[in-house]
Amino acid sequence: MKTVTCLTKFMRTTVLSAAIIAGTAASAFAESAKDLLPEPYKSKGEITVAMVLDYPPYSWIDEAGKTTGLEVDVFNAVAEKLGIKANIVNAKWEGLITGVGGGRFDAGAGGTSDLLERQKLVTFADYATSSNAIIIQAANKDKYPDMDALCGGSIGVLKGTDTVKVGELAVKNCADKGKPALTISYYSSVPDADLALKSGRDAAEVVSTEQAAFILSKGNQDWMILKAGVGDKVPMGPYTSAGKPELAKAFVAALAELKADGSLEKIARKYGLEASLMEKPEINSTKN
């Protein structure tokens, strides 16, 4: 009787274990990126993602007319994991976040920082970080040897980005030290800010550290980095409307798969950005 009881217990345990394993396997399968993609996009077979295509190394059009960059390659790889095609379209920066948040575009990307204010409109699938740098014209290196020397001049920033906060910190630095006021010039596009620096209208410009380092790696420029890594590192990644969190979750799952198989690092290394990758992709990783 004891033998039968033990055998019965063993069989029950074995069946239960098998059920748990099967359930775990089914759960893992259900969590794959392709299965998490909402049905409308599966049926359509493509997703429209808007980017500002003048922002190397994240998204730009090269001399051959090809759309390229870290975010371009990453999003194409994400789309492949999802079993669909990425339809990348050029958009103006000032209408990008609101365009995605309002449903004009399915998603957005292109080195966009995950900021709390933006999370009111969009949901980020973060996989990398970025920081800011302050650049000056190389010809002015003796005139502006350090940050204090910028006081009394002006510094260019991009509207609606974390470069504004860096500009404000530079202004505060001058005020705290009792030096002549530093003023901020606000621009709607990177080319406009670049032109202001080149023409001498601004003494300095706040840019992405990763962008500046990438461009300098391609050869000498008429500008130089005065200070790199200014401010906190900020998460970044593609994003969807805040009203479509399921799509963002599919992006994160696809990014996790790319991270696991080494594809994400391979893409990032192509642009010298492998050190900026996060340990694991996640939704809205900026918390405060």
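See the structure above.
Residues take numbers from 1 onward in each chain, read along the sequence in its written order. Only residues with pLDDT of at least 70 get local features here, since the model is predicted, and only at 80 or more are side-chain atom pairs given and counted; chain-wide, interface and lining totals rely on the full set of residues. Side-chain metrics rest on all non-hydrogen atoms present in the structure, leaving aside hydrogens and water.

A.B. asks: Looking at this model, I keep getting lost on unusual backbone geometry. Mind explaining?
C.D. replies: The phi angle of most residues is negative, glycine excepted, and most peptide bonds adopt the trans form. Of the consecutive residues Pro-56 and Pro-57, the connecting peptide bond is found in the cis state with omega at 10°. Secondary structure elements follow DSSP: runs of H or I no shorter than four residues count as helices, runs of E no shorter than two count as strands, and numbering proceeds from the N terminus. With respect to the secondary-structure elements, Pro-57 resides in the loop between β2 (54-55) and β3 (59-61).

A.B. asks: Even after reading the chapter, I still don't get the pattern of salt bridges, so can you show me in this structure?
C.D. replies: Side chains that carry opposite charge are capable of pairing whenever their charged atoms lie near each other. In what follows, salt bridge is the name for a side-chain nitrogen of Lys or Arg lying within 4 Å of a carboxyl oxygen of Asp or Glu. Per the counting criterion, the structure on display carries six salt bridges. For Asp-73, the salt bridge identified is with Lys-270, shortest N-O distance 3.1 Å. You can see Asp-73 sitting in helix α4 (residues 70-82) and its partner Lys-270 sitting in helix α10 (residues 263-270), a full 197 residues away along the chain. A salt bridge links Asp-261 to Lys-81; the shortest N-O distance between them is 2.9 Å. A residue pair is termed long-range when its members are at least 10 positions apart, and Asp-261 in the loop between α9 (245-260) and α10 and Lys-81 in helix α4 qualify at 180 residues.

A.B. asks: How do you make sense of the sheet that holds β2 when you look at a structure like this?
C.D. replies: Sheet strands associate in pairs through backbone hydrogen bonding, adopting either a parallel or an antiparallel arrangement. A pair of strands is treated as paired once DSSP finds two or more bridges between them. Taken together, three strands build an open sheet; the order of strands is β2-β3-β4 and the sheet is antiparallel. Edge positions in the sheet fall to β2 and β4 (67-68), since each has one partner strand and no second.

A.B. asks: For this particular structure, what's the right way to read α10?
C.D. replies: Each α-helix winds once per 3.6 residues, and so residues spaced three or four apart point in a common direction. For the exposure calls, accessible area comes from a 1.4 Å probe over protein chains only, and a residue counts as buried if that area is under 20% of its type's maximum, exposed if over 50%, partly exposed in between. All of the buried residues along α10 are Leu-264, Ile-267 and Ala-268. The buried residues of α10 occupy an angular sector of 95° when projected down its axis, which confines them to one face. Summarising the geometry of α10, the exposed residues directed more than 90 degrees from the buried face are Lys-266 and Lys-270. In what follows, residue pairs with any heavy atoms lying within 4.5 Å of each other are defined as contacts. The elements touched by buried residues of α10 are α4, β7 (122-137), α9 and β13 (277-283). A positive phi of about 70° marks Gly-272, the residue just after α10. Picture the helix axis, draw a direction to every C-beta atom, and the arc is the one those directions span.

A.B. asks: Sorry, what's going on with the packing of α4 against α9 here?
C.D. replies: The relative placement of two packed helices comes down to the angle between their axes together with the axis-to-axis distance. Taken N-terminus to C-terminus, the directions of α4 and α9 make an angle of 100°; their axes are 9 Å apart at the nearest point. Looking at the two axes, α4 sits roughly perpendicular to α9. Of the residues in α9, those touching α4 at Val-74, Phe-75, Ala-77, Val-78, Lys-81 and Leu-82 are Ala-250, Phe-251, Ala-254, Leu-255, Glu-257 and Leu-258. Classes in brief: Ala, Val, Leu, Ile, Met, Phe, Trp, Tyr, Cys and Pro nonpolar; Asp, Glu, Lys and Arg charged; the others, Gly included, polar. Residues of the contact of α4 with α9, tallied by class, amount to ten nonpolar, no polar and two charged. Lines are fitted to the C-alpha atoms to define the axes, a helix being fitted only along its stretch in contact, and any angle between axes, read from their N-to-C directions, falls within 0 to 180 degrees. When describing relative orientation, an angle under 35 degrees is termed roughly parallel and one over 145 degrees roughly antiparallel, while 65 to 115 degrees is termed roughly perpendicular and anything else oblique.

A.B. asks: Help me out: how do you make sense of the side chain of Asp-73 in this one?
C.D. replies: Polar contacts, as counted here, are pairs of nitrogen or oxygen atoms within 3.5 Å of one another; within protein the pair requires one atom able to donate a hydrogen and one able to accept it, and residues that are adjacent in sequence qualify only if both atoms are side-chain atoms. Side chain to side chain, Asp-73 and Tyr-271 meet in a polar contact 2.8 Å long. When residues no more than four places from it in sequence are discounted, the contact partners of Asp-73 are Ile-267, Lys-270 and Tyr-271.

A.B. asks: Which parts of the structure should I look at to understand the packing of aromatic side chains?
C.D. replies: What characterises a pair of aromatic rings is the spacing of the ring centres plus the angle enclosed by the ring planes. Whether two aromatic rings pair depends on their centres lying within 6.5 Å, for rings of Phe, Tyr and Trp, where Trp uses its six-membered ring; planes under 30 degrees apart make the pair stacked, over 60 edge-to-face, and the rest tilted. Within the structure shown, the criterion is met by six aromatic pairs. Consider the rings of Phe-75 and Phe-251, whose centres lie 5.3 Å apart with planes at 85°: the pair is edge-to-face. With a gap of 176 residues between them, Phe-75 in helix α4 and Phe-251 in helix α9 connect regions that are remote in the sequence. Assigned by exposure class, Phe-75 and Phe-251 land together as buried.

A.B. asks: What exactly am I supposed to notice about the packing of α4 against α10 here?
C.D. replies: Interaxial distance between α4 and α10 falls to 9 Å at its minimum, and their mutual angle equals 160°. On the basis of their axis angle, the class for α4 and α10 is roughly antiparallel. The handedness of the crossing between α4 and α10 comes out as right-handed. Contacts between α4 and α10 involve Leu-70, Asp-73, Val-74 and Ala-77 from the first element and Leu-264, Ile-267, Ala-268 and Lys-270 from the second. Helix crossings fall into two classes, left-handed where the near helix is turned counterclockwise from the far one by less than a right angle and right-handed where it is turned clockwise.

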